[in-house]
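Observations on the model geometry
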Amino acid sequence: MSELKDQQARNRIEKDALDCNMVVLAGAGAGKTHELVERMVNYVCTVSSQIDRVAAITFTRKAAGEMRGRFLLRLQERLAQAEGPEAERLQEALDRVDQCFIGTIHSFCGQLLRERPIEAGIRPDFTELDQREETRLSRQVWNEFVQQCFETDDPRPEVLEGLGLRPNDLLLFFNQRGQFSDLKLKDLPVEKPALEGAVRDALRFMDEVAAHLPNPLPEGPDDFIEVFEKARRFVAHGKLESDQEQATFLNILHGLEKKEFVLKRWAPNQKFAKALKSELRDEFVERVTGPALTKWRQYVYAHVVPFINDAVAFYDQKRLATGSMTFQDLLLRAKDLLRDHPHVRRYFQSRYQSLFVDEFQDTDPVQAELLLYLTGEDTEEKDWLNLDPKPGSLFIVGDEKQSIYRFRRADVETFRLVGQRLEATEGRIEQLNTSFRSLGRLCGWVNDAFEPLFGGFEPKHQAEFAPMLQFKDDGQDACCVRQISLDRVYRHSRNTIVEEESERIASFIAAALAGQTEFNQLGKGAILEERAKPGDFMILTQTRSKLPQYARALEARGIPYDVSGGGQLGDLSEIKAFVEMMEVVHQPD
């Protein structure tokens, strides 16, 4: 077999540059975790057999478990072939392999905090909350905070209600704010906007539209007309005197912005409908509802922020007093511990002399900050952006193209920033592009399809394109990618589309399992074996809300499946109903 095109980079990663920091950019299926494990084993063989001085950090518990197993297996395999001092090092590492930390960033932070709870300002017996426990506790504390506001005659709930917000409307914002409590929110006073002018313009717009609206509607309303009629009903039953009513009215009309037209339903006034669709609606939204609602929301926001900040502080105090730690608490407390206590930072730097970080594209700024505190040479420096990692102390692998957790603050900029810090301290950046996972034709299709797309975005926010290099043969499938086409669905109903699509996909999988498709073949490179296995298939969706529909279609055909990323068990309507029933039994009053 010919040498891999990126083999020299793999050699440097595994053996030749163990004394320097390194960033490895590796695409999907390029073997980045394999290279990380190989580097760890070679570190044991040539640098230090003190396995408790090494820590490997990854994104999920499942990935950590797999990495732990692979590391143990490679140590055993290398020991079977080693002799002399190398064998002694490997044996020492194997004898103490349970002392090597391999786990998630959150569990690593928990370990740091348990060793130094006093300096961290937390209870030594703190408990770590899982997602379910955190959700329950946050709701409980939110209710306590709101109740306290009413009991102490705090005027803010009444003010917020006058702005159209009830306490439950703010619960989601409270939870999101709690997840990113280290970020400061803008808290600037905003003058109350006058909405009367916008309301007058909106009423004139409605009069113009109503004059051209067919009456009756023989074929029923289109999406635009439905929203328009909702606004008419709101005007008919309200006085539009209060700020809240005016804002609600403008918000309803603002919803016309993206509603669909069915021109034949406007007969005989299709000409006006075309002008409304192409010009009049957009002009109305841009000139009237858009600016007015922006000013209103800024005014409401200025009232909400102080209230939410106080609620988050109340929640923080409750957790601190009870010794309850969320995942975010673990990160922030560990980061602050290392930043504010140089002697603690020096202790942990001597304790963990080399960090190996997998899936670094999923790392947010707080986690990156923590890693640089653990590896930075200047233990007195508090600004993590000024820290230079010690040579050989940090090895990270990841793929910029897989940085999909921007909503969790993980993005390409954080990845690149840390990479630049490492490169500035004589570190190396290596790239792995050989795909051990995909057949050759699929590699070619992906390269042809995506290379033009990557060039259409601002490089600051978009990963650079890197071609997938072929390792496997082309395979027997000349197409390698196919598209399912559905007949036109009335009003593009998402539920109907998912129902039809899930049935077709499940039927195809069932046929493949029975060996009844054109893809069931024999021989090397076969698309599917003579009888496919359930594990040969994976269904990916843009959102998780419709996953149960695909699961039901598979279940109806007796096909075993595993749902990943489908949300918490408590999100299922059946479970919610069961929990509500049990709560009634437990607390009948």
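Refer to the structure above for everything that follows.
Residues numbered from 1 in each chain as written. Predicted model: local features only at pLDDT ≥ 70, side-chain atom pairs only at ≥ 80, totals over all residues. Heavy atoms only, no water.

**Details of the environment of arginine 232**
Of note, arginine 232 is situated in helix 11 (residues 223–237). Judged by relative accessible area, arginine 232 falls into the partly exposed class, the value being 34%. Considered as a pair, arginine 232 and alanine 512 are 280 residues apart in the sequence and their alpha carbons are 54 Å apart. Not counting chain neighbours up to four residues away, the residues in contact with arginine 232 comprise Met206, Ala210 and Leu213. (Helix = DSSP H or I, 4+ residues; strand = E, 2+ residues; numbered from the N terminus. Buried < 20%, exposed > 50% of the residue type's maximum accessible area, 1.4 Å probe, protein only. Contact = heavy atoms within 4.5 Å.)

**Topic: helix 13 (residues 270–322)**
Along an α-helix, a turn takes 3.6 residues, which lines up residues three or four apart on a common side. With 53 residues, helix 13 ought to run about 78 Å at 1.5 Å a step, yet its terminal C-alpha atoms sit only 66 Å apart, falling short of that. At leucine 276, helix 13 shows its largest kink, close to 55°. At the exit of helix 13 stands glycine 323, carrying a positive phi of roughly 70°. (Expected span 1.5 Å × (residues − 1). Bend = angle between axes of the 7 residues up to and from the residue.)

**Some thoughts on the packing of helix 19 (residues 494–513) against helix 20 (residues 547–556)**
Contact geometry for helix 19 and helix 20: axes closest at 9 Å, N-to-C directions at 40°. The pairing of helix 19 with helix 20 is recorded here as oblique in orientation. Crossing of helix 19 against helix 20: the hand is right-handed. Taking contact as the criterion, the partners of Val498, Glu499, Glu501, Ser502, Glu503, Ile505, Ala506 and Ile509 in helix 19 are, on helix 20, Gln549, Tyr550, Ala553 and Leu554. For the contact of helix 19 with helix 20, the class distribution of residues is 7 nonpolar, 2 polar and 3 charged. (Axes fitted to C-alpha atoms, helices over the stretch in contact; angles between N-to-C directions. Parallel < 35°, antiparallel > 145°, perpendicular 65-115°, else oblique. Left-handed = near helix turned anticlockwise from the far one by under 90°. Nonpolar A, V, L, I, M, F, W, Y, C, P; charged D, E, K, R; others polar.)

**With respect to the side chain of threonine 517**
Along the chain, threonine 517 turns up in the loop between helix 19 and helix 20. A polar atom in the side chain of threonine 517 sits 2.7 Å from the side chain of asparagine 520. Leaving out residues up to four positions away in the same chain, threonine 517 has contacts with Phe508, Ala511, Ala512 and Leu528. (Polar contact = N/O pair within 3.5 Å; in protein donor to acceptor, adjacent residues only side chain to side chain.)

**Looking at empty space enclosed by the protein**
The gaps left among the atoms become clear once a water-sized probe is rolled over them. Taken as a whole and judged by the stated rule, the model has 3 cavities of 30 Å³ or more. Taken as a whole, the largest cavity encloses approximately 80 Å³ of empty space. Along the walls of the largest cavity sit Ile57, Thr58, Phe59, Ile105, Val357, Asp358, Glu359, Thr363, Gln367 and Leu371, which together make up its complete lining. Elements with a minimum of two residues in the lining of the largest cavity: strand 2 (54–58) and helix 16 (365–375). (1 Å grid on protein atoms, 1.4 Å probe; cavity = no way out; pocket = protein on both sides within 12 Å on 5 of 7 lines; lining within 4 Å. Points joined across faces, edges and corners; volume = space filled by probe spheres on them.)

**Comments concerning a nonpolar patch on the surface**
Among the surface-exposed residues, Phe578, Val579, Met581, Met582 and Val585 lie close enough to one another that they form a single nonpolar patch of about 470 Å² accessible area. For phenylalanine 578, the location among the structural elements is in helix 21 (residues 573–586). Exposure remark for phenylalanine 578: the relative accessible area of 48% places this residue in the partly exposed category. (Patch = residues over 30% accessible without salt bridge, like charges linked within 9 Å, V, L, I, M, F, W, Y side chains within 5 Å. Areas by Shrake-Rupley, 256 points an atom, 1.4 Å probe, with all protein chains shown as cover. Salt bridge = Lys/Arg side-chain N within 4 Å of Asp/Glu carboxyl O.)

**A closer look at the pairing of strand 1 (residues 22–26)**
Within strand 1, 5 of the 5 residues are buried, which leaves the element mostly enclosed by the surrounding structure. As paired elements, strand 1 and strand 8 (residues 428–432) share 5 bridges and run parallel to each other. Within the sheet, the bridge partner assigned to alanine 26 lies in strand 8 and is leucine 432. (Pairing = 2+ DSSP bridges.)

**Quick word on unusual backbone geometry**
Residue proline 216 follows asparagine 215 across a cis peptide bond; omega there is 5°. Tracing the sequence through the fold places proline 216 in the loop between helix 10 (196–211) and helix 11. In the segment running from alanine 267 into proline 268, the intervening peptide bond is cis, with an omega of 10°. With a phi angle near 60°, aspartate 153 is a residue other than glycine that sits in the positive phi range.

**Focus: the sheet that holds strand 2**
Read across the sheet, 6 strands follow the order 3-2-6-7-1-8 without closing on themselves; strand pairing throughout is parallel. Each edge of the open sheet is held by one strand with a lone partner, namely strand 3 (101–104) and strand 8. The mean inter-strand angle of the sheet, taken between neighbouring strand axes irrespective of direction, is 15°. Summarising the sheet, strand 6 (residues 354–357) and strand 7 (residues 394–398) pair through 3 bridges and their orientation is parallel. Bridge pairing links valine 357 to isoleucine 396 in strand 7. Of the strands in this sheet, strand 1, strand 7 and strand 8 are in contact with helix 1 (residues 7–16), which crosses strand 8 at around 130°. Relative to the sheet, helix 16 contacts strand 2, strand 6 and strand 7, its axis offset from that of strand 6 by approximately 155°.

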